[in-house]
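# Geometric and topological summary
Spelled out from the first residue to the last, the chains are:
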Amino acid sequence: MAKEEYGIHKYYKSFSGTDTLAFILMPGSSPVCIGSLTTISYSMFRNKKPVINIGRTNINGVTRGSRIFAGTMIFTLINQHWLRELQEELDWLGNFEELKVDELPLFDIMIVSANEYGSYVTMYIYGIDFTDEAQTISVEDLFTENTFSFVARDISTFKAGNMQKNKPVVSSVRLKNDNQMLQKYFILDSSNTSIQEAAKLEQDFTISRLQNMAKKEKKYVLARDLYLSTSKFLIGNDVSDVQEKINETKLFDPIPVNGIYDEKTKETVSKLQSHAGFNITGIVDQKLYNYLYEFVDNKNGLRTGIVINKNGTFVYKEMSLASNIVATKAYKQQIELIDIDASNEDGYFQRWYKISEGYVVEEDVYSYYHTGSIIEFPTLQYEDKNAYVTLVQTALSNIYPESFAHFTGILDSITESFIKKLQEENGLSATGIVDYSTWLLLQSLAGNISNTISSDNFKLIFKTPPGEYNIDASNVISKLSSFDVEASCNNPINIKLSAVCIYDDSDTSTYTKMVTVKELTILSLNDLVKAFMYNPKYGKIPRQIDYVIYPYNKTPYKWTFKYGIGGE
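Residues numbered from 1 in each chain as written. Predicted model: local features only at pLDDT ≥ 70, side-chain atom pairs only at ≥ 80, totals over all residues. Heavy atoms only, no water.

### Observations regarding the nonpolar core
Of all hydrophobic cores here, the largest spans 31 residues; its most connected members are L497, L523, F532, Y547, I549, W559 and F561. Listed by contribution, the elements that provide at least two residues to this core are β20 (458-462), β21 (468-472), α10 (476-480), β22 (485-489), β23 (493-502), β24 (508-517), β26 (544-551) and β27 (557-564). With sequence-adjacent residues up to four places away left out, W559 is seen in contact with F462, T464, P465, P466, G467, Y469, F483, V485, I545, D546, Y547 and I549. Counting 28 residues, the second largest nonpolar core, distinct from the first, contains W82, L86, M123 and A152. (Core = buried A, V, L, I, M, F, W, Y, C linked by side-chain atoms within 4.5 Å. Buried < 20%, exposed > 50% of the residue type's maximum accessible area, 1.4 Å probe, protein only. Helix = DSSP H or I, 4+ residues; strand = E, 2+ residues; numbered from the N terminus. Contact = heavy atoms within 4.5 Å.)

So, in structure tokens, the structure goes:
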């Protein structure tokens, strides 16, 4: 034990061989644990030669040549040769009847060491290629060993991960429960992470992001709303500024920077609103102006997230739990999110965040910018038949009440033609496929459509769908009931209701309530009515409230209320 007064951590954290597991990462395959590996070692050599001038005794320096990594692995013979065990694990390797280790493709090895105090470290050896194999069988030996030598392209030395004391390490992948039903365990599994801890972490992160946003909003001030006038064009430097920023996004074809808010500018602004998931009005208001500047200034739209899985999260090469693991991210580590996407493997729908190294599972990461605005619906295309298609048809009937009344539950040619029409009218590619952008567009235009979202026997029914609303402070109590949500689930599920209040001068406050849902339960915004009241600490009412329903291990849903007297 070291003394804290010397600036050293109170406890050292070390790992033994019994704390360690090694995994083979073969191209296109999921990691395979190497249970019979008993020893692995490596060394690095780099050729360096002295540089000497005539007439000097001492050297002037050294040249640096190529670097090579080499090492040794020792396997214990258990049941059969370890390569045959690997062939049984990986079907494509099993197609080779006789295979030698020097014929294997280049592969990586991930080494993970975790002790009983919840600390772990990881390292990688990349591009391993075996050069020779040896084995000795003797009556003097209690067991038989195979020794292999290898060369490698690179290594990543041990890096510390989660340093949580007295927290058992639990996998964040899908496990089977007692009923043999697939269920995902993340931050609230058999580790000691409580709902309150998760809520506090999310609350702190959300408030931090809101404060940062509030500071940035002061930099981006729009003097007036910009729109296409039928009587007189709006002209000025603010218009040319918006035109320049839109061109900098490189999302659309360039528009003339002429300082005139013309038809072309309105058309491109509508496309930007569709891309951002805003109501499509063709008007540049303060909200869209902030988004535009944020998009250009924040590394072309990169957003920040934080790892909320106490056991950290894996970074996968592809959007698949069977894909190679290329890195790990620790609990509370902030990461930059490039995009959000989804996969559908064997009927299992999974959302992913794209980051620079690969993809991380959405549930392991909390992002203020993305979480709560994502629609948990699959991509739909021609001839799909399910309840989601019926929901699309209901939305289309709201958007085109006089021309669409077609409720078959099948994405047929009629439904596809109206989807293409909707996409074309709002600046999207007319593909007829209901993708992420089209779902956002449907949500934006369909109005107060009653949405039913079902997944794993969990159901939410909205009176008013998630979105942005103005609410009058003088009549708040009567309005809140219209945002009640019916929740039901066959198995008990914990749901957090959270209201983040944003005041002038960047002040914030947060109100939360935990609800356990099994049978039909009403989630009432009236339970957080204090969020809409006068706050004596700040001497004011909030100007905006972000209301989030956060079901454990499922996608949250967010309502934003612009709040003021008389609907200001």
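Right, picking up where we left off after that structure.
### Considering the packing of aromatic side chains
The geometry of an aromatic ring pair comes down to the distance between the two centres and the angle between the two planes. Evaluation of the coordinates by the stated rule reveals 16 aromatic pairs. Each ring, one from Y469 and one from F483, has its centre 5.2 Å from the other, and the planes form 70 degrees; the classification is edge-to-face. Linking Y469 in strand β21 with F483 in the loop between α10 and β22, this pair joins segments that are 14 residues apart in sequence. Grouping residues by exposure puts Y469 and F483 together as buried. (Phe/Tyr/Trp six-rings, centres within 6.5 Å; stacked < 30°, edge-to-face > 60°.)

### Thoughts on the side chain of T268
Within the secondary structure layout, T268 lies in helix α5 (residues 263-276). The residues contacting T268, other than those within four sequence positions of it, are I246, F252 and I255.

### Looking at the environment of I493
Within the secondary structure layout, I493 lies in strand β23. Classification of I493 as buried rests on a relative accessible area of 7%. Separated by 58 residues in sequence, I493 and P551 place their C-alpha atoms 7.3 Å apart.

### Quick word on a negative patch on the surface
There is a patch of like negative charges on the surface, built from D102, E103, D132 and E133. Among the secondary structure elements, E133 is positioned in strand β6 (residues 119-136). (Patch = residues over 30% accessible without salt bridge, like charges linked within 9 Å, V, L, I, M, F, W, Y side chains within 5 Å. Areas by Shrake-Rupley, 256 points an atom, 1.4 Å probe, with all protein chains shown as cover. Salt bridge = Lys/Arg side-chain N within 4 Å of Asp/Glu carboxyl O. Lys, Arg positive; Asp, Glu negative; His and termini not counted. Charge placed at Lys NZ, Arg CZ, Asp CG, Glu CD.)

### Digging into the side chain of T415
Among the secondary structure elements, T415 is positioned in helix α8 (residues 413-425). Overall, T415 belongs to the buried group, its relative accessible area being 0%. At 2.9 Å, the side chain of T415 and the side chain of D412 are in polar contact. When sequence neighbours within four positions are dropped, the list of residues in contact with T415 reads Q393, L396, F404, H406 and I410. (Polar contact = N/O pair within 3.5 Å; in protein donor to acceptor, adjacent residues only side chain to side chain.)

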